[in-house]
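Structural overview
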Amino acid sequence: MNLPDAQRALKQYFGYDRFRPMQAEIITAVYEKRDTLVLMPTGGGKSICFQVPALIMPGTAVVVSPLISLMQDQVMGLMANGVKAAFLNSSQDSQEQQLVENQFFNGELDLLYVSPEKLSSSNFLPLLQRANVALFAIDEAHCVSSWGHDFRPEYTQLRFLKQQFPQTPIIALTATADRITRQDITEQLQLNNAELFISSFDRPNLNLEVRSGQRRKEQIIQFIKQHPDQGGIVYCLSRKATEKLAADLNQAGFTARSYHAGMDARTRAQVQDAFIKDEIPIICATIAFGMGIDKSNVRWVIHFNLPKNLENYYQEIGRAGRDSAPADTLLFYSYQDVMMLTDIITKNESENVEVQLAKLGRMQQYAESMACRRRILLNYFNEDFKDNCGNCDICRNPPQAFDGTLIAQKALSAVYRLREQVGLTLLVDVLRGSARKDLRERGYDQIKTFGAGREVSAFDWNNYLGQLINLGYLDIAYDQFGVLKLTPASKRVLFDQESVELVRPATLQERRVQEKVASKERTKADRSRGELFESLRLLRRKLAQEKGIPPYLIFSDATLEEMAAAKPTSDQEMRAISGVGERKLQLYGDVFMAAILDHLGEKGNANPGSTHRISYELFLQGKSVTEIAEQRAIQPLTVFSHLGACYAAGDPLDIHQFVSTTIINQVEKAIPYLEKPLKLNALFEFFDGKVSHGALRMALSHLQKEGKYPVA
Ligand code: ADP
Ligand code: ZN
């Protein structure tokens, strides 16, 4: 059985303790050379399903990926974990390609990412036949289907794989679930009795929220203020809107950039790169943005406009919180958006207009729903999800129902008297008795219901009318500029006394309070997440900048959070943190532990209690620092800090065996020039890495003992 191997690879390379649901089964199937089709949501953990087999099977896994940037991201991530991976695509010159091809041929690669063009090219086939291929992985496999939303003709050539390599397993992966696409993938790739794996599409860490789209800009500014130091994406419908919003946000004091297909390729790449590296936290983008990025620490996604369907919506919010740490999503909803999208779909003279309009309808229902959002979403994806989720706006603030018959009567009667000729905005103005000149000109101020709903705010009227539409009491005639029409149900209300139950929208006051509470909770959470998380984050950022790589490639947000909570100070403790594999332990273990030790020292937690004493006693018994570290399974640096703490507290120790007087004096002189609170890593750098962490730790203890360096 391969699973112990798989488990070991997962831990060793990725630092994860257990597989997510289905990953183990999928890996087993691939290992046993069965063809598989894997459906998982964005961020669900698809890559592990072929990366782990690639590590435990002889030969190279050849991965087909449609986007160059995605390939590069994945290969970078794998290399950061110590996996032998490379890619081949048109961004490389022939020499670079030759180099990779040689590695492939010589069996030096665990994974090779290729573009579909490259894979299908006639000059690549001989190499493919001679090399040892463990498996083929087809990422974003929905691209093979002309039904899908990302059809790529190059993908249809991939059928040659099964013909040429009938013995090599194929794993096809996608986040697009519908049946037709599924069928298409199996046929096009000629999969052999493919085993189908559909994982849950639930992403429980995503907070789902929908708000009415009034004063969006102000709401967004408020939202971003509540997410300090966190990066996110605002999706807008038009290019112009992305630019305008980015400008507004910059004006409000944030750092934001726009991104859309109308920008030249270089600028686009720059913006994307800066976002990935946490240099620009906020991107205002059209849906062109995001497909090619793997950034795991996107903490929020806002939809400025309604997406066209729930598939797009789910994919876009799915880009938040891939590291499975909590992430917020916010959708703004307005009828204007529905009308605009209807317009776009109908004018688009595609054959599927009906289907697309129906999908838009489902999107609208979701936005208007008064029931748990996640339930609707997952049921849409054919997943039976019965409980309320507890992580959406509806679950958090369940709507309060009341007898809305009178309100409904007023609205419906106004529609009737306006001869079903007006849209939402005008209707609200009539109900509220607006002084608009054109109302008077059209004689609308003469009808009986003019001003009958004066006591209800325009905000609330919009909300109520939305509910009435949703409940089937009103209909929007999209083909007649969105005027409102009565329905059989509305006639029962008007003429047969049918009663209507509505839900009270939150008052402005309540919404303010809710926001305040949310922001309070957030700052509280931030504070408890605390200083250590913050200094680890800054350390991660500095290291990433030095190496020119995205910070999340060093450690994910989730990993940093776990580190800040568990405060590991030994290799063994560090290994227990999810996301710390062998390679990263080797590369970053020491610096992160040094930062944690600094933090513990400052906090005064390092009172020379038992653990310090044990190290100290062992030392007195004649053991060396290395021996103590090995015996206690802790870092040598931790031993130094134990010894130093005891020494500073007055225990006898010959410190000069660890550090010279010259160095101690230099450290004393250096301290005033370094940022406070002093970090061991900063001191280490000050000495250009020429004096060991241990020696510096001892120098500090000495100065502490002499009262020349404050005990925090
Ligand atoms: P997808 O390709 O399905 O969008 P990824 O493969 O990029 O998703 O995985 C999303 C995130 O989840 C990545 O940060 C990945 O490292 C992490 N992940 C995957 N499998 C596990 C696991 N078994 N335990 C913990 N984290 C995991
Ligand atoms: Zn819910």
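For the structure itself, consult the block above.
In what follows, the accompanying structure is described. (Residues numbered from 1 in each chain as written. Chains lettered and ligands numbered in written order. Predicted model: local features only at pLDDT ≥ 70, side-chain atom pairs only at ≥ 80, totals over all residues. Heavy atoms only, no water.)

Brief notes about the packing of aromatic side chains
The line we're drawing: The pairing test for Phe, Tyr and Trp rings, Trp by its six-membered ring, is centres within 6.5 Å, and the orientation test on the planes gives stacked under 30 degrees, edge-to-face over 60, and tilted for anything in between. For the purposes of this entry, the term helix denotes a DSSP run of H or I that reaches at least four residues, the term strand denotes a run of E that reaches at least two, and both are numbered from the N terminus. We call a residue buried when its accessible area falls under 20% of the maximum for its residue type, exposed when it is over 50%, and partly exposed in between, using a 1.4 Å probe and counting protein chains only. Over a ring means this: the NZ of a Lys or the CZ of an Arg is within 6 Å of the ring centre and within 35 degrees of the ring normal.
Tallying each qualifying case throughout the model produces 15 aromatic pairs. Each ring, one from W461 and one from Y464, has its centre 6.2 Å from the other, and the planes form 85°; the classification is edge-to-face. Here the residue W461 and the residue Y464 both occupy positions in helix α22 (residues 458-470), the gap between them amounting to three residues, near one helical turn. Here W461 falls in the buried class, since its relative accessible area comes to 0%. Accessibility expressed as a relative area gives 6% for Y464, which makes it buried. In textbook terms, an aromatic cluster arises when at least three aromatic residues are bridged by ring pairs, as seen for Y259, F275 and F289. The ring of Y647 has K705 sitting right over it, with the charged end atom 4.8 Å from the ring centre.

A short note on the coordination of the zinc ion (ligand 2)
Condition: Coordination shells were defined by N, O and S atoms within 2.8 Å of each metal, extended to 3.2 Å for Na, K and Ca; water is absent from the atom set, which can make sites look incomplete. Think of it this way: with four donors and all angles in the 85 to 135 degree range, the site is tetrahedral; with four or six donors, opposite ones beyond 155 degrees and the rest between 65 and 115, it is square planar or octahedral; otherwise it is irregular.
Every protein donor of the zinc ion (ligand 2) is listed here as C372 (SG), C389 (SG), C392 (SG) and C395 (SG), and their distances to the metal cover 2.4 Å. Coordination at the zinc ion (ligand 2) is tetrahedral: its four donor atoms span angles of 101 to 119° at the metal.

Some points on the pattern of salt bridges
When their charged atoms lie close together, side chains carrying opposite charge are able to pair. To be explicit about the condition: The salt bridge definition used is simple: a Lys or Arg side-chain nitrogen within 4 Å of an Asp or Glu carboxyl oxygen.
Counted by the stated rule, this structure contains 31 salt bridges. Taking the shortest distance from any N to any O, the salt bridge between D557 and R540 comes out at 2.9 Å. Here D557 is found in helix α25 (residues 557-566), whereas its partner R540 is found in helix α24 (residues 508-547), with 17 residues between them in sequence. Beyond isolated ion pairs, a larger network of salt bridges with shared partners links R299, D323, R540 and D557.

Some remarks on the sheet that holds strand β10 (residues 256-259)
Put simply, the test is: Any two strands with at least two DSSP-identified bridges between them are counted as paired. To obtain an axis, a line is fitted to C-alpha atoms, over the contacting stretch when the element is a helix, and the angle between two such axes runs from 0 to 180 degrees between their N-to-C directions.
Taken together, six strands build an open sheet; the order of strands is β8-β13-β12-β9-β11-β10 and the sheet is parallel. Two strands lie at the open edges of the sheet, namely β8 (206-212) and β10, each paired on one side alone. Averaged over all pairs of adjacent strands, the angle between strand axes in this sheet comes to 15°, irrespective of strand direction. Bridging between β10 and strand β11 (residues 282-285) involves four bridges; their strand directions are parallel. Within the sheet, the bridge partner assigned to A256 lies in β11 and is I282.

Concerning the site of ligand 1
We count it as follows: Nearness is defined per residue: one heavy atom within 4 Å of the molecule or strand is enough. For this analysis, a polar contact is any N or O atom pair within 3.5 Å, provided that within protein one partner can donate a hydrogen and the other can accept it, and provided that sequence-adjacent residues contribute only side-chain to side-chain pairs. Surface exposure here means Shrake-Rupley accessible area, sampled with a 1.4 Å probe, where a residue is shielded only by the protein chains that are shown. Any residue that is not Ala, Val, Leu, Ile, Met, Phe, Trp, Tyr, Cys, Pro, Asp, Glu, Lys or Arg is counted as polar, Gly included; the first ten are nonpolar and the last four charged.
With respect to spatial proximity, 14 residues lie near ligand 1, and among them Y16, R18, G43, K46 and S47 are the closest. One of the side-chain nitrogen or oxygen atoms of Y16 is found 2.6 Å away from an oxygen atom of ligand 1. For ligand 1, an oxygen atom lies 2.7 Å from a polar atom in the side chain of S47. Contact with the protein chains removes 84% of the 570 Å² of surface that ligand 1 exposes when unbound. Tallied by class, residues from the shell around ligand 1 come to four nonpolar, six polar and four charged.

Quick word on the nonpolar core
Put simply, the rule is: In plain words, nonpolar cores are sets of buried Ala, Val, Leu, Ile, Met, Phe, Trp, Tyr and Cys residues tied together by side-chain atoms within 4.5 Å.
Core analysis: the biggest nonpolar cluster contains 133 residues, and F104, L119, I138, M563 and F592 have the highest contact counts within it. The element best represented in this core is helix α27 (residues 582-602), accounting for eight residues. One finds V639, L653, L683 and L703 within the second-largest nonpolar core, a separate group that totals 37 residues.

Quick look at the side chain of Q467
We apply this condition: Residue contacts are defined here by distance: any two heavy atoms, one from each residue, within 4.5 Å place the two residues in contact.
With respect to the helices, strands and loops of the structure, Q467 is situated in helix α22. A distance of 2.8 Å separates a polar atom in the side chain of Q467 from a polar atom in the side chain of N463. Beyond its immediate sequence surroundings of up to four residues, Q467 is in contact with M370, L502 and V503.

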